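# Residue-level structural notes
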Amino acid sequence: MTLVTVEETVDGVGGEAEFALKRCRMFIHLLPSFLGNVRAGVLSILDRMLLRHSPALGGIPVSYSNEVCESATSAIAADFPQLHFFVRVNFVVFTPTVGCRLVGVVNKITVDHIGLLVHGTFNAAIGRDAIRDSYEFDAEQGAWSHKDYSKPTIGIGTRLGFIVQGLETTEKTLSIVGSMLPNDTGALAATPAAAAQVIPLVKPKPHKTKKTPKASSVKKPKKEPSKGAAKGPKAEGSKATKVAKAGKGAAATNGAVNKPSAVKPKAGKRKRADAPSTTPTKQGTTSATTPKAHKAAAATAQTPTPKKKKKRAKTSD
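To start, this report covers the structure provided alongside it. The structure displayed is predicted, hence computed values, not measured ones.

Reading guide: rules and limits
- Residues numbered from 1 in each chain as written.
- Predicted model: local features only at pLDDT ≥ 70, side-chain atom pairs only at ≥ 80, totals over all residues.
- Heavy atoms only, no water.
- Buried < 20%, exposed > 50% of the residue type's maximum accessible area, 1.4 Å probe, protein only.
- Pairing = 2+ DSSP bridges.
- Helix = DSSP H or I, 4+ residues; strand = E, 2+ residues; numbered from the N terminus.
- Axes fitted to C-alpha atoms, helices over the stretch in contact; angles between N-to-C directions.
- Contact = heavy atoms within 4.5 Å.
- Expected span 1.5 Å × (residues − 1).

## Looking at unusual backbone geometry
Positive phi is not limited to glycine here, since Leu51 has a value of about 55 degrees. Unlike most non-glycine residues, His119 shows phi in positive territory, near 60 degrees. Looking at His119, the relative accessible area reads 38%, which means it is partly exposed.

## What to know about the sheet that holds strand β4 (residues 83-94)
One open sheet accounts for 4 strands, arranged β1-β2-β4-β3; its pairing is antiparallel. Across the chains shown, the open sheet's two edge strands, defined by having one partner strand only, are β1 (3-11) and β3 (60-69). The mean inter-strand angle of the sheet, taken between neighbouring strand axes irrespective of direction, is 25 degrees. Relative to β4, β3 runs antiparallel, the two being bridged by 7 bridges. Across the sheet, the residue bridging to Ser65 is Asn90, located in β4. Seen against the sheet, helix α1 (residues 38-49) touches β1, β2 (19-30), β3 and β4 and runs at an angle of roughly 130 degrees to β2.

## Digging into α1
The terminal C-alpha atoms of α1, which comprises 12 residues, lie 18 Å apart, in line with the 16 Å expected from a rise of 1.5 Å per residue. Taken together, the buried residues of α1 touch β1, β2, β3 and β4. Remark: Leu51 follows α1 within two positions and exhibits a positive phi of approximately 55 degrees.

## Some details on the pairing of strand β7 (residues 122-131)
Summarising the sheet, strand β6 (residues 113-118) and β7 pair through 6 bridges and their orientation is antiparallel. Residue Gly115 lies in a different strand from β7, and its bridge partner there is Ala125. If you look at the hairpin formed by β6 and β7, you'll find 3 residues sitting between the two strands, and His119 has a positive phi there, around 60 degrees. Note: β7 against strand β11 (residues 174-180), 4 bridges, orientation parallel.

Rendered as structure tokens:
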């Protein structure tokens, strides 16, 4: 645990009474992993202290400066590996007190309370019991209106002055309880800088404008393919089908003239009885015949053909 000792306090830093400058002396326990860069280890410890409630500092540190190590060496206690040494540093601390006056920007409005942000960071709330009777909640507008219509209405984004009625602290956070019972509290006149931060209750409807086509959505003209070039995969496929059809037609015409030779059956397999037999013909071609035609051809081959008698020429005596 880091020990902090406050040696000097200067109130009202930057013209704000709720901020104080505190010069401190800290006893730091540094891990041995930062031996190569001690400054980086010290800054990592100081960074973890920011925007967290610190009882030793009496508030919430928002920044630090002028951090200096008191010695170039460090001590090791017992068998612990941490390095122990002192560091001097200046903290700017947010230290509101009960009864001080703060200004916040309204970020939430209900019938029960008003929520604010002080300096854009710290939460504050004003309950219904702490709001003057001159204000009443307007459900239609979602705002707190003053009975005197000449005075500004409290709505989202309104700069509001209030008195700190109490402080609720936890281990890391600080919540402010405010009050609007005094007459010098309430909505403040909007300055140009504050008016720019006001959030309207009803968002204005945007004007309808014609959408201009994006550069990527503009359709580019298609390039016409050259006459000799193929027209993509479909054209190639159609050409392939045409060639296949032409090949089939050519095969059919060739089969009409010269029928393909039958494939010889493999050894060990018998021919089917009704399978057509082939007989050799001239020019290496074969003609398919049925079994009946084959028998008829064999019978004609066995019967001798009658020889023609030669006619003798008559001679005159």
